[in-house]
Amino acid sequence: MEDDYGQMYGGEDFMGDIGLEDEAILDYDDGDDNLDLGSDEEEEIESFVGVRDFDEKTPEPTISKQEQLRMIHLRSHLNQLTEKVKHHQYLTEKTREEQKQCRNRMSQLEIERDQVFKEIQGAESDKNTSALYRLRARHERICQELENEHKLEKMIADRLEQEEYELAKVEVERGKFLLAEDDLIKQEQQLAKEKTDMALQRLRKEEMKAKRAIRQHAKRQKDYQSAVEEQKRRQQMAVEDAERSHAKHSKFLNQTMEKLQKRHEDENKRYKEHMKNKMEMLLKLKGDITANRENLKALHARDQAANKEAKQREEEERQRILREGGNPDEILLIRKRIEEFERQKTEFESEKRQKQATIMEKILIEEERLRKRKKQQPHLWTDPKADKSKIVGPQKKKPLKIFQELTDSSVFDELMKENTYIIGGKEEQVTEREGQDQLGADTAGEDKKITPLPMDSSDSSDAESEEGEKVDLAVPEFEGLWDQHKPYKVPKDAETSLKLPNGSKMEKDILEKVLDKHRQGIVVKQVAAGREFQGCPFYSKPDVIHFKDFDVGKTYKKKVTLTNVSYTVNYCKYINITEMLKDFIEIQFDPPGQMSAGLTCEMMVTFKPMINEDLFGEVKFLSQTGPFAIPLKCTTKKCDLSTDTCRIDFGTTVIGETLKRTFTLTNKGALGTKFEFFKVTGQKERTVTTAATSLGGLTTADTIRAFSPDSTSVVAKKDVTTSLEKSVEDKKAAEDADKGSVGGVGTSDEQNGTQAAGEGLSVAGEGDQGEEDQPLQDSPDLAVSEMEDYGTLDGMKVGLVATGELGPFSSTKLEIIWQPHIPGRVDTEFLITFSDPLSDSISIQAVANAIDVPVWVERQTVDLKICMYDRLYQDTIIVNNRATTALRLKFEVCKELKNHLELLPKTGYIQAQSNFSAQMKFLPRKSLFEEAGKYFDKETGVLEAPMIIRVADQTQPVPFTVQAVLTTSDMEFDTTDIDFGCCTIYESTKAKIKLTNKSILPQEFGFVGHPEFVELQPNDGFGTLLPLETIDLEVIFSPKKAKDYKFELNCKSLINREFKIQCKGVGVHPPLEMSHQVIHFSATSLYDVSTAHFHVVNSHTSTNEFTHPVPRIGKGEIAPVGPTSFEFVVPDSAPLTISPSVGTIEPGKNCPIWVRFAPELNELDIKKEAVRMATKALEAQAEKEFEERLKREREEADQALQKAVGKGKGKDAKSPTKGKGKSSPAPSLTVSGPRPISPPTIETITKDSPAYAAAKANLLRQYRGSFRTVTIPCYVASGKCGNPGELPYSVHNTLYLEVHCPVVKPTLVVISDNGKSTLDFGEVSLGQNIIKSVTIQNISNKTVELTSSILNTAGPFLMLNALRILPPDGTHTILISYTPEKGEVFHEVLEVKTGHTSLHITLTGKGVSPMIQINMPMQDGVLDMGAVLAGEYLERTFKLMNSSSLSIDYCIKLDSLSLERHNVAQAVPAFIQSNKTTKLSVGTQNNNGQNVFDLVPAEGRVPPGSSIDLTVTFAPDHPSDQYSDGVRIELFGKEETHNFMIKGMAKPRIMFVHGMDEKAPDIESLAEETPIPTEDEDGKLLPTPILFTLKSIAKENDFIPASRELFVGCVRTMAVSQKKDGKGASKHGNGEFQFDNVQLITQKGFNIEPQKGMVEAASLKPVTFTWTPPAGHDPNTPVEASVMLTLKGDVTEQIKVMLRAFVVSD
């Protein structure tokens, strides 16, 4: 079978291949999770590497990821089938082996059976019975075994058949995949080949990248060196510029410092004077305060003496009344009430007179106003002379008698009710006016007069003491310190309503309709943003005007604030108040006018109560959106009485014990009352008899009701002028009548309100307040009948406080005493009654149960609270004996708790009427859980065990209960050991463990004895665990040196239990170390920058581990000494930059590392916000368009409907019978909803778009701050940096840098230019000044002070305006000036600081040098315009070209127009100086004041790359050869790029000579010259002499001939020639010249060439003069000669040329 299997699947070779392939395809992934070999990355690699040179054949198609997955699944399936084949083959072989063993066993048994059978036959023959029986038993056993073996062999055969069947089935299944497996092997080989190709490609790519990195590194090094050199150069230049600037500005700085010092001195002087005045004022104020305090003390002492004297008089009066047999309390109380009534009456009369005077004054003012109005507007009143028939005779008035007094005040009282308070409504004003007119008519004939009294306007209370008004010294020391509120009063002119005097009824009706229509128009609907305002337009604070607990006669004021809570502007007008409140309430309200939403106004409400009643009403207002009202309540003082409980349970008490329970009676009201606390249950009715002269017939309630302050009006109705005895008799008579009317109801009243008698007793017997109580029998006025009190039998009684007085807002403790005498249950009711008639009685129920046992335990339940296992708890059991004999006690513990609880002593004697103390010891063990049985609840842990005290000769034992809650004291860790791994000595490793308290008691714990390199937090490993609480603990492992650590942590509880954890770790000493492991950045705002630095140090200089610690991992190998490299890997999402991030440090050196923190918003978040904002804007726009379309269609529909209705009416008018019952259908709307919008996607949002900037600004304003901790690993490797991956390194040597990065909301943001913080000036010409602005806003809620960094003083940027303090949401515009001085790119950062945050504004610009060219034919910087006739002009045009890349503004300036021309002209002229080097650029000028030279256009702008035409005009007004001027071309008003000189000559005639010696200075004199005659007597021109000098140079024995040119010129003129004959001039304006008598000068060595010729217009003809000294010439003697030159032009002119020649040496 094995051979067949091997032949079928290729034998051992095939199995070997299967094994190899199995290993080869364990992982199809190359580690990069990239199964798709045809990806973009591979295409890029192929394009980078090029055509593969190791495979020239056509590449096979790569295997896709799906194909690879199919291969994996197929290989897995084939492996499973192979395993199944092996398994079934093994089972088959095993079964065959078992069958073989079974058959061998059967053969052995058969042999043994035959042998035993032969022995049986031999035993039968020998007749050996004993052996025969033994052999037969053995034979039967063997036969039985043989039969069993046969059965086993059959079972094995069946199983073998089944296994062979399964094996065959699996082999068939395996054979189905033979071809698939062949293909799979080929694909696996192909896949391996592809992986090899990919590895080669990646290797080549890495090599290329490494080479490129090396080149880039070299380039960076070179750039770095050049940058360093450039930086040094710039630094040196900056230092030099700074020194020059310091030297230049030092003097100005000194002057400024002197000015500042002087200013500070002045300020200090003013401050000292101010402080001196302030101190003097404070000392004066202190003296005044001391004087006032002394005055107040004196007044207080006077008041105390007066009070003491009054009390003494009252005490004497009281003793006198007692001696006379009267009731002093009643009499004094009545007298006090009478005096109070008289005082109030006097106050009322005084106030009445004041109000009368006020009303009279108002009436006079009204009459005066009415008289003035009649005089000013007589047309409002009818003329009695015009229509006498319609005039009713007016009632005669006597205004001068208006002050007559009315003794009966009925009419006056009505008038006072109507006019006492200011009423703002129009109707009330009309009523007041009419009432005043009526009053004037009614009082015209009276004779009495009243004197107007001043009106009291004090804000304080009007209550006065019994002795009279007190002195008020509260006067402000300085005016204006106290608020003096002057209430606003509506002018009477505005209060008068419109009337039509003597108008008809129709006119009055029309006026009323107009007024009603006007009133209806006052209230309008308020609609804002499409929403109609509904509700109360004004919010009142307080919402209810409540005058609580007022006293009659006092004045109360309350300020009310009204806030406009409507949508827009609103108005508020006071109307009136409730009618019943007009006599007591005064409203002071200044109309605020127009109020915007959110604004407030104030109203003052003054309440002066006259009656002691509750008042309710409202204050009515009218606003633009409708009327509203504010509720107003005035409530009197009331009692609010309550108790903290209504039922008191004393529980079960043994007879003889005394228990006390207290409860609290509280008065929450402002009115005090008297109370009486007594027992109701078990007591009889109490009656009180009175003497003849006492007031015993009055109950306390009646007495208080009659003489309370609230009953002043009732007392006032009586005749108070009678004597005291008469008033008492009247009261007794009234009370007898009341008793007779009540009749038999008095009994029930006395049962339910027994406080009447009790309080009557207290009134009669207490005497003065504060003195000791007197017994009831001592009172001579009251006689109390005997009472049979059966209530004392139940043991309940009232405590010490039974009666008393409960003041306002106070409380008192009442006590009930329970002292039972008989056993049984007691239910007793107590009652608390009050003297206040409006307060109901309060019932208190007391419940108790009394038992009778001689021996009793003070504590029926001994509560041991919560107990722990294996802890000892003790308590004392106190047993009391109320019997008169000693008793024997035996303490018994239930058998379940005998092993845990013990009572000592077990037997004892208690003495008569004494107590006995027993000691209880409780030591719960773990076995209590099983032994306690029913007394212990296993789920809750509660133990309730009954204990018994047996008393001798007493059948009933004394039980008590022991309670306890049992809990364990275990604490549990979630782990048993901690492995910290490797940790460097500069860092710490943290492990978290959980500690759980298994107990229901809090347990204190602490980790003790741990090594110093281990730290536990929080609280250093100490704390308290609450019941069943689990807390997290942090174990911090900080190794101090490199070694292996093994230690244990020991946690102890307060009961000294220990819980341990095993720990281990490895300390690592890395080759490098950092100066700081943690960097804390300050709170940095978004788009701000914070920097910090630290050092990486290589301190490993020796491998000697005995002198100092050496770098190693645990006890491993020591790191080699040499250069060590490091690399910081910053996380991708961290806003951090480390420079340098990679480097190599030599031994003993360090490397500074800079960390830059620049937080920014996430770009994806900004784009999402931009999409959200854009979507919201589009939705709003679509909604607005939808509403507009809907509104337009509705209007069209309404118009169509109106047209249809109009047509229908016309048809109905023509044919009334038609169209009935038909209506035109309303047109339907076609607009279904807002149009769908298509919001932008994130990809469409770019950084330069306005949406991106708006979203960024919105996120900045909404930013709330964040905090982030970034851990940056620093990998360390020995050796210098080279190709990546070449240096071996250990992860355990990695250092970690922890950076704390708090980010806060920026204080300032840029709101200009879409929020961009970069100010780009672009290309600007050198010297040009460009100003741009950037606007910033304070988005914080605090006022900040702005400061800025200093820009480069030698740079082109300059901040023009100063920074200021910026309030919240305030903006500030910063002006930046840019003036480049060099042709380079400038970049600076302006940092605007606000204390903790900064805003960085980047300033960039490029300086461009302007390049301008002029194509003028200049020679040595001089432009010669040539010659022109005087009075004419000459123009020439040139090109001004701009070859730069920006527009250039130019300006042409002439020196003749310069302001400094005259200063320059003051210099010594050139013709006077010896060297003659100084020559002025400004020469002869015109006499007419016009410019000789002019350049047009003088200023303008030349676009880049273009040119303009520049026209130069020469226009002289008189002949001169010295015309000249300086020209300067300035760019951008500053830079001078070109300067040259322009000159010209003005001639009187066309022909002229130029080039001879000057006979006059080159500066023309301003003096008037004497004219030289140019013509003779005959009118001919005289010859003009000129001097022409020649110089010959002597050379040893020879002379060099002298040569010089004289120029003959012809001027091009604009005038036509006036000469008729053509001989003298050419037709084209040319000229001729000729020298005459040349032979005469030839003899002297002179020669002229040419001697004659023609000169064209506007040109010069040179004539060369040569002088050769003749032989024998004396060098010391000059040679002189003359020749005549004739010029023929417009005129013929002769010029005498005087020649002069001499010899000079060189």
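Residues numbered from 1 in each chain as written. Predicted model: local features only at pLDDT ≥ 70, side-chain atom pairs only at ≥ 80, totals over all residues. Heavy atoms only, no water.

Peer 1: Requested: an account of the overall build of the chain, with residues and values cited.
Peer 2: The secondary structure content of the chain amounts to 21 helices and 79 strands. A burial count over the chain gives 33% of its 1706 residues as buried. Considering only intrachain contacts with a sequence separation of at least 6, the fraction spanning at least 24 residues in the chain is 73%. Summed over its atoms, the accessible surface of the chain is roughly 105000 Å², and 52% of this surface lies on carbon and sulfur atoms. (Helix = DSSP H or I, 4+ residues; strand = E, 2+ residues; numbered from the N terminus. Buried < 20%, exposed > 50% of the residue type's maximum accessible area, 1.4 Å probe, protein only. Contact = heavy atoms within 4.5 Å. Areas by Shrake-Rupley, 256 points an atom, 1.4 Å probe, with all protein chains shown as cover.)

Peer 1: Residues and numbers for the pattern of salt bridges, please.
Peer 2: Under the definition given, this model contains 58 salt bridges. Of the charged contacts, one joins Arg1528 and Asp1455 as a salt bridge, the two residues approaching to 2.9 Å between their closest N and O atoms. Here Arg1528 is found in strand E68 (residues 1520–1531), whereas its partner Asp1455 is found in the loop between strand E64 (1448–1454) and helix H20 (1461–1465), with 73 residues between them in sequence. Across the salt bridge formed by Asp1557 and Arg1604, the nearest N and O atoms sit 2.7 Å from each other. Of this pair, Asp1557 sits in the loop between strand E70 (1551–1554) and strand E71 (1584–1595) while Arg1604 is found in strand E73 (residues 1602–1610), placing the two residues 47 residues apart along the sequence. (Salt bridge = Lys/Arg side-chain N within 4 Å of Asp/Glu carboxyl O.)

Peer 1: Tell me about the environment of Met1541, and please be specific about residues and values.
Peer 2: Along the chain, the position of Met1541 falls in strand E69 (residues 1535–1547). The spacing of Met1541 and Asp1525 is 16 residues in sequence and 5.9 Å in space, taken between C-alpha atoms.

Peer 1: Can you explain the packing of helix H4 (residues 65–126) against helix H6 (residues 178–324)? Please cite residues and give values.
Peer 2: H6 packs onto H4 with a crossing angle of 130 degrees between their chain directions and a minimal axis gap of 11 Å. The angle between the axes of H4 and H6 places the two elements in the oblique class. In the packing of H4 onto H6, the handedness of the crossing is left-handed. Contacts between H4 and H6 involve Glu67, Gln68, Arg70, Met71, Leu74, Arg75 and Leu78 on the former and, on the latter, Ala180, Glu181, Leu184, Ile185, Gln187, Glu188 and Leu191. The residue inventory of the contact of H4 with H6, partitioned by class, reads seven nonpolar, two polar and five charged. (Axes fitted to C-alpha atoms, helices over the stretch in contact; angles between N-to-C directions. Parallel < 35°, antiparallel > 145°, perpendicular 65-115°, else oblique. Left-handed = near helix turned anticlockwise from the far one by under 90°. Nonpolar A, V, L, I, M, F, W, Y, C, P; charged D, E, K, R; others polar.)

Peer 1: An account of the sheet that holds E70 is requested, with residue identities and associated values reported.
Peer 2: With respect to topology, four strands assemble into an open sheet ordered E70-E73-E77-E75, the strand pairing being antiparallel. This sheet does not close on itself; its edge strands, each paired only once, are E70 and strand E75 (1646–1649). When the angles between neighbouring strand axes are averaged without regard to direction, this sheet yields 25 degrees. In this structure, E73 lies alongside strand E77 (residues 1659–1667), joined through nine bridges in antiparallel fashion. In the strand pairing of E77, Phe1607 is matched with Pro1662. (Pairing = 2+ DSSP bridges.)

Peer 1: Explain the nonpolar core to me, using residue names and the numbers behind them.
Peer 2: By size, the foremost hydrophobic cluster in this structure holds 39 residues, and its most contacted members are Phe1094, Val1096, Phe1126, Phe1128, Leu1136 and Leu1297. In terms of residue count, the dominant contributor to this core is strand E50 (residues 1295–1304) (five residues). Not counting chain neighbours up to four residues away, the residues in contact with Phe1094 comprise Met1074, Ser1075, His1076, Ile1079, Phe1128, Cys1151, Pro1152, Ile1153, Val1155 and Leu1297. One finds Val879, Leu901, Phe936 and Ile949 within the second-largest nonpolar core, a separate group that totals 37 residues. (Core = buried A, V, L, I, M, F, W, Y, C linked by side-chain atoms within 4.5 Å.)

Peer 1: Describe the pairing of strand E14 (residues 673–679), naming the residues involved and giving the relevant values.
Peer 2: Counted residue by residue, E14 has six buried out of seven residues, so it is predominantly covered. Taken together, the four bridges between E14 and strand E18 (residues 803–806) define a ladder with antiparallel strand orientation. Paired with Phe675 across the strands is Gly804, a residue of E18.

Peer 1: Hey, could you go over the packing of aromatic side chains for me, with residue numbers and the actual values?
Peer 2: For the coordinates displayed, the defined rule picks out 35 aromatic pairs. Between Tyr574 and Phe621, the ring centres sit 5.8 Å apart and the planes meet at 65 degrees, which makes this aromatic pair edge-to-face. Of this pair, Tyr574 sits in strand E6 (residues 572–577) while Phe621 sits in strand E9 (residues 615–623), placing them 47 residues apart in sequence. Taken as a pair, Tyr574 and Phe621 share a single burial class, namely buried. Seen from their ring centres, Phe891 and Phe916 are 6.1 Å apart, and the 25 degrees between their planes marks the pair as stacked. Placement of Phe891 in strand E25 (residues 887–892) and of Phe916 in strand E28 (residues 915–922) is noted, with a sequence separation of 25 residues between them. A single burial state applies to Phe891 and to Phe916, both of which are buried. (Phe/Tyr/Trp six-rings, centres within 6.5 Å; stacked < 30°, edge-to-face > 60°.)

Peer 1: Tell me about a positive patch on the surface, and name the residues and values.
Peer 2: On the surface, Lys209, Lys211, Arg212 and Arg215 cluster together into a patch of positive charge. You can see Lys211 is positioned in helix H6. (Patch = residues over 30% accessible without salt bridge, like charges linked within 9 Å, V, L, I, M, F, W, Y side chains within 5 Å. Lys, Arg positive; Asp, Glu negative; His and termini not counted. Charge placed at Lys NZ, Arg CZ, Asp CG, Glu CD.)

Peer 1: Tell me about H4, residues and numbers included.
Peer 2: In an α-helix, one turn spans 3.6 residues, which is why side chains three or four residues apart end up on the same side. Taking 1.5 Å of rise per residue, 62 residues should cover 92 Å, and H4 covers 91 Å from first to last C-alpha, within 8% of that figure. Just beyond H4, the residue with positive phi is Lys127, at close to 55 degrees. (Expected span 1.5 Å × (residues − 1).)

Peer 1: Go over the confidence of the model for the chain with me, naming the residues and quoting the values.
Peer 2: Chain-level pLDDT for the chain is 78 on average; 77% of the residues reach the 70-or-more range. Below pLDDT 50 for its whole length, residues 685–790 participates in 109 contacts with residues either more than four positions away or in separate chains. Note on residues 1213–1226: pLDDT is under 50 here. Beyond four places in sequence and across chains, it has three contacts. (pLDDT = per-residue confidence, 0-100.)

Peer 1: Describe a nonpolar patch on the surface, and please don't skip the residues or the numbers.
Peer 2: Residues Val1129, Tyr1275, Tyr1289 and Val1291 make up a contiguous nonpolar surface patch of roughly 360 Å² in combined accessible area. Within the secondary structure, Tyr1275 sits in strand E49 (residues 1266–1278). On the basis of relative accessible area, Tyr1275 is assigned to the partly exposed category, the value being 30%.

Peer 1: Outline the side chain of Glu181, listing residues and values.
Peer 2: Position of Glu181 relative to the elements: it lies in helix H6. Polar contacts involving the side chain of Glu181 include one to the side chain of Arg174, which spans 2.9 Å. (Polar contact = N/O pair within 3.5 Å; in protein donor to acceptor, adjacent residues only side chain to side chain.)

Peer 1: Describe the packing of H4 against helix H5 (residues 129–175), and please don't skip the residues or the numbers.
Peer 2: A pair of packed helices is characterised by two quantities: the angle between their axes and the separation of those axes. Axis separation between H4 and H5 bottoms out at 7 Å; the angle between their running directions is 160 degrees. By the angle class used here, H4 and H5 are roughly antiparallel. As H4 runs across H5, the sense of the crossing is left-handed. Grouping the constituent residues of the contact of H4 with H5 by class yields 22 nonpolar, eight polar and 21 charged.

Peer 1: Lay out unusual backbone geometry in plain terms, naming residues and giving numbers.
Peer 2: Residue Lys541 is joined to Pro542 through a cis peptide bond whose omega torsion reads 5 degrees. Within the element layout of this structure, Pro542 appears in the loop between strand E3 (538–541) and strand E4 (545–550). In this model, Leu904 is joined to Pro905 through a cis peptide bond whose omega is -5 degrees. Counting through the fold element by element, Pro905 comes out in the loop between strand E26 (901–904) and strand E27 (907–910). For Tyr1087, which is not glycine, the phi dihedral falls at a positive 65 degrees. In this structure, Tyr1087 sits in the loop between strand E42 (1084–1085) and strand E43 (1090–1097). Overall, Tyr1087 belongs to the partly exposed group, its relative accessible area being 24%.

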